[in-house]
Amino acid sequence: MATPILQFGTSRFLQAHADLFVDEALRRGDALGRITVVQTTGAPERAGRLTALAAPGGYPVVIRGRKDGRDIERRQQIESIARALSTASDWDAVRQVFRDEAAVIISNTGDTGYQVEADDLRDPVPASFPGKLLALLQARFSANGRPLTILPCELVSRNGDMLKRIVLELQADRYPDSAFRDWLANTVIWANTLVDRIVSEPIEPAGAIAEPYALWAIETQPGLTLPCRHPDMVLVDDLTPYEKLKLHILNLGHTVLADIWMRESRPADETVKAILADPAVRARLVSLYRDEVVPGFAAHGLGAKAEAYVAATLERFDNPFLAHRLRDIANHHAEKRARRIGDFLAWSPSVPMPGLAAIARGQ
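What counts and how
Residues numbered from 1 in each chain as written. Predicted model: local features only at pLDDT ≥ 70, side-chain atom pairs only at ≥ 80, totals over all residues. Heavy atoms only, no water. Salt bridge = Lys/Arg side-chain N within 4 Å of Asp/Glu carboxyl O. Buried < 20%, exposed > 50% of the residue type's maximum accessible area, 1.4 Å probe, protein only. Helix = DSSP H or I, 4+ residues; strand = E, 2+ residues; numbered from the N terminus. Contact = heavy atoms within 4.5 Å. Pairing = 2+ DSSP bridges. Axes fitted to C-alpha atoms, helices over the stretch in contact; angles between N-to-C directions. Parallel < 35°, antiparallel > 145°, perpendicular 65-115°, else oblique. Left-handed = near helix turned anticlockwise from the far one by under 90°. Nonpolar A, V, L, I, M, F, W, Y, C, P; charged D, E, K, R; others polar. UniProt positions renumbered as here; feature names shortened; annotations may be inferred. Phe/Tyr/Trp six-rings, centres within 6.5 Å; stacked < 30°, edge-to-face > 60°. Core = buried A, V, L, I, M, F, W, Y, C linked by side-chain atoms within 4.5 Å.

A word on the pattern of salt bridges. Using the criterion set out here, one finds 20 salt bridges in the structure. A salt bridge links Arg158 to Asp161; the shortest N-O distance between them is 3.2 Å. The class of Arg158 is partly exposed, set by a relative accessible area of 26%. Each member of the salt-bridge network shares a partner with another, and the members are Glu264, Arg266, Glu270 and Asp278.

The next point concerns the environment of Val62. As for its position among the elements, Val62 is in strand β3 (residues 59-67). What makes Val62 buried here is its relative accessible area of 6%. For the pair Val62 and Pro212, spaced 150 residues apart in sequence, the C-alpha to C-alpha distance is 9.4 Å. Sequence-distant contacts of Val62, defined by excluding residues within four places in its chain, comprise Glu73, Arg74, Arg75, Ile203, Ala208, Ile209 and Ala210.

Let us now look at the sheet that holds strand β12 (residues 215-219). Pairing is mixed across the open sheet formed by 3 strands, whose spatial order is β9-β12-β13. The strands lining the two open edges of the sheet, one partner per strand, are β9 (193-196) and β13 (233-236). The mean angle between the axes of side-by-side strands here comes to 15°, regardless of whether they run parallel or antiparallel. Note: β12 against β13, 4 bridges, orientation parallel. Within β13, the position partnered with Ala217 by the bridge is Val234.

Turning next to the packing of helix α4 (residues 91-100) against helix α5 (residues 129-143). Here α4 crosses α5 at 55°, and the two axes come no closer than 9 Å. Here α5 runs oblique to α4, going by the angle between their axes. Two packed elements cross with a definite hand, and for α4 against α5 that hand is right-handed. On α5, the residues that touch Trp91, Val94, Arg95, Phe98 and Arg99 of α4 are Lys132, Leu133, Ala135, Leu136, Leu137, Ala139, Arg140 and Ala143. The residue inventory of the contact of α4 with α5, partitioned by class, reads 9 nonpolar, no polar and 4 charged.

A separate point is the UniProt feature "domain: Mannitol dehydrogenase C-terminal" (unreviewed entry) in the protein. The UniProt record marks residues 238-341 with the feature "domain: Mannitol dehydrogenase C-terminal" (unreviewed entry), using the residue numbering of this structure. Span residues 238-341 is 73% helix and 0% strand, its end C-alpha atoms 22 Å apart.

Next up on the list: the packing of aromatic side chains. If you walk through the whole model with that rule in mind, you get 9 aromatic pairs. Geometrically, the ring pair formed by Tyr175 and Phe180 is edge-to-face, given 5.9 Å between the ring centres and 85° between the ring planes. Look at Phe180 and Trp183: their rings are 6.2 Å apart centre to centre, the planes differ by 25°, and that puts the pair in the stacked class. One end of the pair is Phe180 and the other is Trp183, both in helix α7 (residues 178-186) and 3 residues apart, which spans about a single turn. Trp183 carries the same exposure label as Phe180, and that label is buried. These aromatic residues form a ring-pair network of at least three members: Phe141, Tyr175, Phe180 and Trp183.

Glancing now at the nonpolar core. Ile249, Val256, Leu257, Tyr289, Phe297, Phe317 and Leu356 are the most contacted members of the largest nonpolar core, which has 39 residues in total. Those elements that place two or more of their residues in this core are α8 (240-263), α9 (272-275), α10 (279-298), α11 (303-317), α12 (326-329), α13 (333-347) and α14 (354-360). Ranked by residue count, the leading element in this core is α8, at 9 residues. Beyond its immediate chain neighbours, meaning those up to four positions away, Phe317 contacts Leu250, Gly253, His254, Leu257, Val272, Lys273, Leu276, Leu285 and Tyr289. Core analysis: the second largest hydrophobic core is formed by 36 residues, Ala16, Ala52, Leu53 and Ile81 among them.

Structure follows, in C-alpha cells:
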C-alpha cells in the first residue's frame, strides 16, 4: 500500500496526536491515506515499539480528562500506520517511500532534533535529522522533483522556517546545485506549525494516555498540502500568537515545575498534579504567571489572551486523570529552559522578570 504520509519520529506524542488525527480522518474518508513511520535514532530498545505501531489492529490510545465540564474516558485503536521503518536498518526503503510515495512529511524529533553534528554528512546515512532530510530531498529531486509539504511538529519557534534554513545551509556544502536549491526554497513547502496536547503516559509497547484537549495549528501558505482534515486542526494566517501562548505559558509552566522538582530533589515519580498540590509550589507558579508572564504578553497586546490561557493551563495541569511525571518533562531541561524561558525574556526585554531570569540562568 502506498503511504502519502511519511512521519519521522515514534514518540507517544505523535501516537496520540498526528497519528490519531489521521486515524479519525481516515474513518470519515477525510485523509490522504495511511502513514509510514520512521525511527530516526536507531535505538535498539525501541524496536518493539516499531513492530507494535504497525501491528494488525493498531495500538491503543486512551483519552482521559475533563472537557466542557464533563469527565471523558475513551479508548480507541489507532490503525493509521501502515508500516514502520528505521533509518538504521531500512534506509533504502525509507528513501523509496520518501522519493516515490510521500506527499506530506511529519516530524517530531525532540528538543535536540535540529542539531547538526560534525560528522553529519557521512555516508550512507547522515547523523542528524536535518542531514537525513537533505539526503532524502536530494533523492526525490533527482528522481521526480514533485512538490512536497513538510510539517515539523518540534516545539521550536517558527519550526518550518528554522528547519528550512538549516537544510539550505547543509545543502550549500553537500549539494551545491542551483536548481536543487531553487526547488528546496520554492517548491518544497516548509510549514510553521504548533501542536498542543498533554500526552502523559506511554502504553507499552506502543500507545499512550492523553488529555481530551488537542490543537494542531498550521500557518497557511500557497501550495500547502494537509495530511487530513480534523476538527482540532486549524489553518491560521499568523501562527505567532498561538505559538507564544503555548510555548511561553503551558510549556514554560512545565519547565518551571521541572526546575523546582530537580532543585528540591522531590519524589522521583511526582506528577504535575501532585507538585501543584504543594501550596508553596502552586503559589510560586501562579505568581510567575501573574507578575511576569502575563505582563510580558501584555507588552505585545496579548494580555487578555494570556490571562485566559493561563486559566485554561492551570485547569489542564490539575487534570485528575493524568499522571504527567516531572521526570519526563525534565528531559533535555537545559534546551527547554532556553527555548521556553530564555526566548520569552528576549521577546519582552522591557518587562522585569526576575524570577524567570533566575531560572534561565540556572540559579
